[in-house]
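# Tertiary structure, described
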Amino acid sequence: PGLRQVSRQSLLSRLKNEGIAITARPIEFICDKPEETEERFRTYHIVYEYEGPDGEKITGKSQTHSRDWFEHQGVGIGDPIDILADPKNPSVSNWRKDMR
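So, on to the layout of surface pockets. Gaps left between atoms show up when a probe the size of a water molecule is rolled over them. Of the volumes computed, that of the largest pocket is approximately 210 Å³. As for the largest pocket, its lining consists of 14 residues, of which Arg-8, Lys-61, Ser-62, Gln-63 and Asn-94 are closest to the centre. Every element with two or more residues in the lining of the largest pocket is listed here: α1 (2-18), β2 (44-51), β3 (57-61) and β5 (93-95). Taken together, the residues of the lining of the largest pocket sort by class into 2 nonpolar, 8 polar and 4 charged.

This is how it looks when you write it as structure tokens:
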């Protein structure tokens, strides 16, 4: 876990400094804990889609949050969200709200 955290922080730092701002759109909410019987314990992530530099469709995914968190952010399927993508490898991206 420690190495994974350091690697993630390095990626976020690089994206903050060098990332290209792109508008993406959520295409799906995925429940990470479908076995949880109580909604308050379920967590979700969104899969979002954006256009790469050559016009190709690329997908990314958000961090895991509660459904309420996403609703509080005003995010629904098809709503525009701001992401940062790696200019050298556009398939590497991160949702800006996950970077705070």
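From this point, things continue past the structure.
Glancing now at the confidence of the model for the protein chain. On average, residues of the protein chain carry a pLDDT of 89, and 94% of them reach 70 or more. The secondary-structure element of the protein chain with the lowest mean pLDDT is α1, recorded at 76, while β3 shows the highest, at 97.

Pairing between sheet strands relies on hydrogen bonds along the backbone, with the strands arranged either parallel or antiparallel. Read across the sheet, 5 strands follow the order β3-β2-β1-β4-β5 without closing on themselves; strand pairing throughout is antiparallel. Among the strands making up the open sheet, the edge pair consists of β3 and β5. Each strand axis lies, on average, 40 degrees off the axis of its neighbour in the sheet, ignoring direction. By the bridge criterion, 6 bridges tie strand β1 (residues 20-31) to β2 in an arrangement that is antiparallel. When the sheet's bridge partners are listed, Phe-29 is paired in β2 with Ile-46.

About the criteria used
- Residues numbered from 1 in each chain as written.
- Predicted model: local features only at pLDDT ≥ 70, side-chain atom pairs only at ≥ 80, totals over all residues.
- Heavy atoms only, no water.
- 1 Å grid on protein atoms, 1.4 Å probe; cavity = no way out; pocket = protein on both sides within 12 Å on 5 of 7 lines; lining within 4 Å.
- Points joined across faces, edges and corners; volume = space filled by probe spheres on them.
- Helix = DSSP H or I, 4+ residues; strand = E, 2+ residues; numbered from the N terminus.
- Nonpolar A, V, L, I, M, F, W, Y, C, P; charged D, E, K, R; others polar.
- pLDDT = per-residue confidence, 0-100.
- Pairing = 2+ DSSP bridges.
- Axes fitted to C-alpha atoms, helices over the stretch in contact; angles between N-to-C directions.

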